[in-house]
Each structure stands twice: as structure tokens, then as C-alpha cells.
Amino acid sequence: MITQLPGFGDPVDDAQQTFRALLNALSHPGRLHTLSTPLTPPGGLTPACGAACLTLLDLETWVWLSPAFQTDVKAWLQFHTGCRFTPDPQSANFAILPDMDAKFSLNHFNMGTAEQPEQSTTLFIQLQTLIGGKPVLLKGPGIQDQQGIDLPLPDDFWQEWQQNTQNYPLGIDIFFVSQNQVMGLPRTTQLI
Amino acid sequence: MLQTSQRPSWMGILAKAPLSLLEDRIRPLEPFPAYDFLRPPEIGLAMVRGRTGGTGSVFNLGEITLTRCVVQMQSQPPLQGFGFVKGRSHRHAELAAVCDALLQHPDWCETIQTQVIEPLKAAALQDHDTQQRHTAATQVNFFTLARGES
């Protein structure tokens, strides 16, 4: 099946702007960054998440796509990025999730190895909104003093996140994306 | 209606045709059904691989510049045309993709086949033939006058 939806209107500029926003998001964890690239991704994928995927995925990346997505998401990503899909989250470079459900656990994904910590899985997690949940305070590189956020996440997520930050340099990095915003949560960001 | 088994053949003809000839053939047939770019023309590289004598083991001959383009034509169901051409001409890739889509279109395939593909094929055959004759004219036959036997 070939997708019927186009990718970036201006591939070079749009990808560069999106890349800059994603870089800023990981450089300043917990801050909201806007991804305003006009894009019509297939159903289930938000424009911000679609833009992030088109920017970071390529022929050499292995992607774990949540089974909750429809098949046209897979066809769209395959056509526009040429990425490869794996059913095993442990072997994925990127994982794309449409929401946080009860089965979610950071342990499903690859933490990297001591020789190659950069091989860990980077998660794109879509959320309806990036505010309105339980407030937490973050500290770490890229944060002066402290950064308060209130992502709408399940309670046990932050327990798992604390474990994730204790294995440095191993660990998982996350991008939380809404319709047109992104927030980075790299492995170096700790809870206060 | 054309068969998809013929698709590699027409895509090859469109890709190898000179752009000026393709433009000349296509211009009188416009306007075409509306189309958008699913993948705007983009330039990249491809590795050409070969086998010595067609049977040896595969080796990398070198990289060539390719331009590729995918258009989507508004019809029911939507038709997708793919164009892959050597070189860096966006226009050539676009025209090849548009012709590929039209050749899958029930109302257009006859016209494109007779007005574009067949003349381009004939022109390519003629070029090939001329080249063959030019080459043949330079042929040298070696023969032995004396075999060195006493």
C-alpha cells in the first residue's frame, strides 16, 4: 500500500526548523517548544509528531510503531522516510506511541549498552495536551535551578523515570508531543 | 487498458528519452488532470552495479545522480505516478511521473501510449541503430597473412 498523503511541503526548510525545535527541546528539558510546520499526517498521528518523524527517521533507523496506529501511518512513514519497522521494541532506535496506556513501561525499550549508550530507543509519545497533570519539579543539564512541569501522565511513570535516570549513561530519551508542541525529557533530567 | 507488466518498459522509455523530445510530445496533449506532488522532485545518488560479461560476480561500478518524483493524480481511485530519471532535471522527473500516472488512467492510456511512448521508443531505436551503424563502420578485421610456419 502506498500512502496518499504528502510529506513536508518544503523538505529542507521544514526539516531544519523541526530539527532545531527538537534539539532545543532536548537542550532545555521541560520547556514547551512549538512545531508549527504545516503538515497533513495520516489519522492518529499529530502534525508535530509527524514532523518529528519525517525529520529524524531515515533508511537506517529501526522503528517500533505502536499497534494502536492504523496501517496508513506505517505506509506514510515508510514512503516519506524509508525507515524500517521492527515488532520488537528492544531493537528499535525510535518508538512511536499514540498515547500513554496502562501497558506502557519504559522497561520494554532498549536502554543502550555501555559501549554504545547512544543506541538506546528514543520515544515519541503523543499526548492530547502537555499540561494539566500532576506537577513535578525537574533538575539536570539544561535546567537552571529547577523546572516545573505538569504533564498528564500515569502516576507510576515518574517512578520508572527515576530508575531510568539512575543508569546514566544508559537510558531512554523521550519527546512528548501534542498537536503542535513538543517537550523533551532526556535521560539526564532528574526529579527533585 | 495497459497491463502493469508493461510498466517497467514505459518507465524505462520515459527515463531514457531526451527531455526536449518528451516536452515536444507532451505539450500538444495538455491540459492533463490535476495532480499534486506526493514527493516533490528531489536529487539523490544511486549506486550502479554491474557484472562482468553479465555473469561474473557483482561489483560497484560507480554512483550516478538520480532525480525522483512521485505525483498523485485526482481520480477515483487516486493514481500515483513514479518518475526516476538520470541526471538532475526536476522537470524530466516530473514529466516521467505524470506520464506514468496517465498510463494507468483508463481515459488517457491510449493517447499517451500512441502519442508519447511509441514515438519515443521509435526515436530511441533509431538512435541506437545509427550508433550501431557508426560503430560498424569503424570495424577492423584482423587476419593472418602468414602463420609463421616454415
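Honestly, the sheet that holds strand E3 (residues 79-86) of chain B in this entry has me stumped. Any pointers?
The strands making up a sheet are joined through hydrogen bonds of the backbone, oriented either antiparallel or parallel. Residues and elements named next belong to chain B. Within the open sheet, the 3 strands sit side by side as E1-E2-E3. Their pairing is antiparallel. In this open sheet, the two strands that pair with only one neighbour each are strand E1 (35-51) and E3. For this sheet, the mean inter-axis angle between neighbouring strands, taken without regard to orientation, is 25°. For E1 and strand E2 (residues 58-73), the ladder comprises 14 bridges, and the chain directions are antiparallel. Along E2, the bridge assignment pairs Gly50 with Phe59. Along the sheet, helix H3 (residues 90-103) makes contact with E1, E2 and E3, crossing E3 at roughly 145°.

Whenever I open this one, the packing of helix H2 (residues 47-56) of chain A against helix H3 (residues 71-81) of chain A confuses me. Can you help?
Helix packing geometry: the angle between the two helix axes and the distance between the axes. Residue and element names in this part refer to chain A. Viewed as axis vectors pointing N to C, H2 and H3 meet at an angle of 40°, and their least axial separation amounts to 9 Å. The way H2 lies across H3 gives a crossing that is right-handed. Mapping the contact onto sequence places Gly50, Cys53 and Leu54 in H2 and Trp76, Leu77, His80 and Thr81 in H3. Class assignment of the residues belonging to the contact of H2 with H3 gives a composition of 4 nonpolar, 3 polar and no charged.

I would appreciate a short explanation of the pairing of strand E6 (residues 136-139) of chain A in the present structure.
Two faces belong to every sheet, and in a regular strand the side chains alternate between them. Residue and element names in this part refer to chain A. Alternating residues of E6 divide into Val136 and Leu138, all buried, and Leu137 and Lys139, none buried. Pairing geometry for E6 and strand E7 (residues 147-149), over 3 bridges, is antiparallel. Bridge pairing in E7 links Leu138 to Gln147. Pairing geometry for E6 and strand E10 (residues 190-191), over 2 bridges, is antiparallel. Opposite Lys139, over in E10, you have Gln190 as the bridge partner.

Looking at this structure, how should I read the interface of chain B and chain A?
The figure often quoted for interface size is the accessible area lost as the parts come together. With 8 residues of chain B at the contact, the number on the chain A side is 8 residues. Together chain B and chain A conceal approximately 690 Å² of surface at their shared face, both sides included; 58% is due to carbon and sulfur atoms. Looking at the side of chain B facing chain A, the largest losses of area belong to Leu38, Arg39 and Gln80 of chain B, adding up to 55% of the total buried there. Here chain B and chain A share 3 residue pairs in polar contact (both at pLDDT 80 or more) between them. Those elements giving two or more residues to the side of chain B that touches chain A turn out to be E1, E2 and E3 of chain B. At 3 residues, the largest contribution of residues to the side of chain B that touches chain A is made by E1 of chain B. Of the residues assigned to the side of chain B that touches chain A, the class counts are 5 nonpolar, 2 polar and 1 charged.

Got a minute to help me understand the environment of Pro89 of chain A in this structure?
Residue and element names in this part refer to chain A. For Pro89, the position within the fold is in the loop between strand E3 (84-85) and strand E4 (94-97). The class for Pro89 is buried, based on a relative accessible area of 17%. Considered as a pair, Pro89 and Asn110 are 21 residues apart in the sequence and their alpha carbons are 7.0 Å apart. Leaving out residues up to four positions away in the same chain, Pro89 has contacts with Trp64, His108, Phe109, Asn110 and Thr121.

Got a minute to help me understand the packing of aromatic side chains in this structure?
For any two aromatic rings, the description comes down to two numbers: the centre-to-centre distance and the angle of the planes. In total, this model carries 11 aromatic pairs over all chains according to the counting rule given. Their ring planes at 80° and their centres at 6.4 Å tell us that Phe79 of chain A and Phe82 of chain B sit as a pair that is edge-to-face. Of this pair, Phe79 of chain A sits in helix H3 while Phe82 of chain B sits in strand E3, on two different chains. A relative accessible area of 11% places Phe79 of chain A in the buried class.

Sorry, what's going on with the side chain of Ser105 of chain A here?
Residues and elements named next belong to chain A. When you line up the elements, Ser105 lands in the loop between E4 and strand E5 (122-126). Of the residues examined, Ser105 reaches a relative accessible area of 11% and is grouped as buried. There is a polar contact of 3.0 Å between the side chain of Ser105 and the side chain of Glu160.

How should I be thinking about the sheet that holds E7 of chain A in this particular structure?
Here we have 3 strands laid out as an open sheet, ordered E7-E6-E10 (chain A), and antiparallel in their pairing. Unpaired on one side and paired on the other, E7 and E10 of chain A mark the two borders of the sheet.

Teacher, can you tell me more about the nonpolar core here?
The nonpolar side chains of a soluble globular protein tend to be buried with one another. All names here are of chain A. Ranked by internal contacts, the top residues of the largest apolar core, which has 28 residues, are Leu57, Leu77, Ile96 and Phe124. Put simply, the parts of the chain that give this core at least two residues each are helix H1 (11-27), H2, strand E2 (62-65), H3, E4 and strand E8 (173-177). Among the elements that take part in this core, H2 stands out by supplying 6 residues, more than any other. Apart from the residues lying within four places of it in its own chain, the contact partners of Leu57 are Val63, Leu77, Thr81, Cys83, Phe94 and Ile96.

Would you take a moment to explain the environment of Phe84 of chain B for this structure?
Residue and element names in this part refer to chain B. Relative to the helices and strands, Phe84 is located in strand E3. Of the residues examined, Phe84 reaches a relative accessible area of 38% and is grouped as partly exposed. When the C-alpha atoms of Phe84 and Val70 are compared, they prove to be 8.8 Å apart, with 14 residues separating the residues in sequence. Once residues within four sequence positions are removed from consideration, Phe84 is found in contact with Ala15, Leu66, Thr67 and Arg68.

Would you mind showing me how to read the pattern of salt bridges here?
A side chain with one charge can pair with a side chain of the opposite charge if their charged atoms come near. Within this structure, the stated rule accounts for 9 salt bridges over all chains. In this structure, a network of salt bridges that share partners links the residues Glu23, Asp24, Arg27, Arg91 and Glu94 of chain B.

Parameters at a glance
- Residues numbered from 1 in each chain as written.
- Chains lettered and ligands numbered in written order.
- Predicted model: local features only at pLDDT ≥ 70, side-chain atom pairs only at ≥ 80, totals over all residues.
- Heavy atoms only, no water.
- Pairing = 2+ DSSP bridges.
- Helix = DSSP H or I, 4+ residues; strand = E, 2+ residues; numbered from the N terminus.
- Axes fitted to C-alpha atoms, helices over the stretch in contact; angles between N-to-C directions.
- Contact = heavy atoms within 4.5 Å.
- Left-handed = near helix turned anticlockwise from the far one by under 90°.
- Nonpolar A, V, L, I, M, F, W, Y, C, P; charged D, E, K, R; others polar.
- Buried < 20%, exposed > 50% of the residue type's maximum accessible area, 1.4 Å probe, protein only.
- Buried area = accessible area lost by both parts, 1.4 Å probe.
- Polar contact = N/O pair within 3.5 Å; in protein donor to acceptor, adjacent residues only side chain to side chain.
- Phe/Tyr/Trp six-rings, centres within 6.5 Å; stacked < 30°, edge-to-face > 60°.
- Core = buried A, V, L, I, M, F, W, Y, C linked by side-chain atoms within 4.5 Å.
- Salt bridge = Lys/Arg side-chain N within 4 Å of Asp/Glu carboxyl O.

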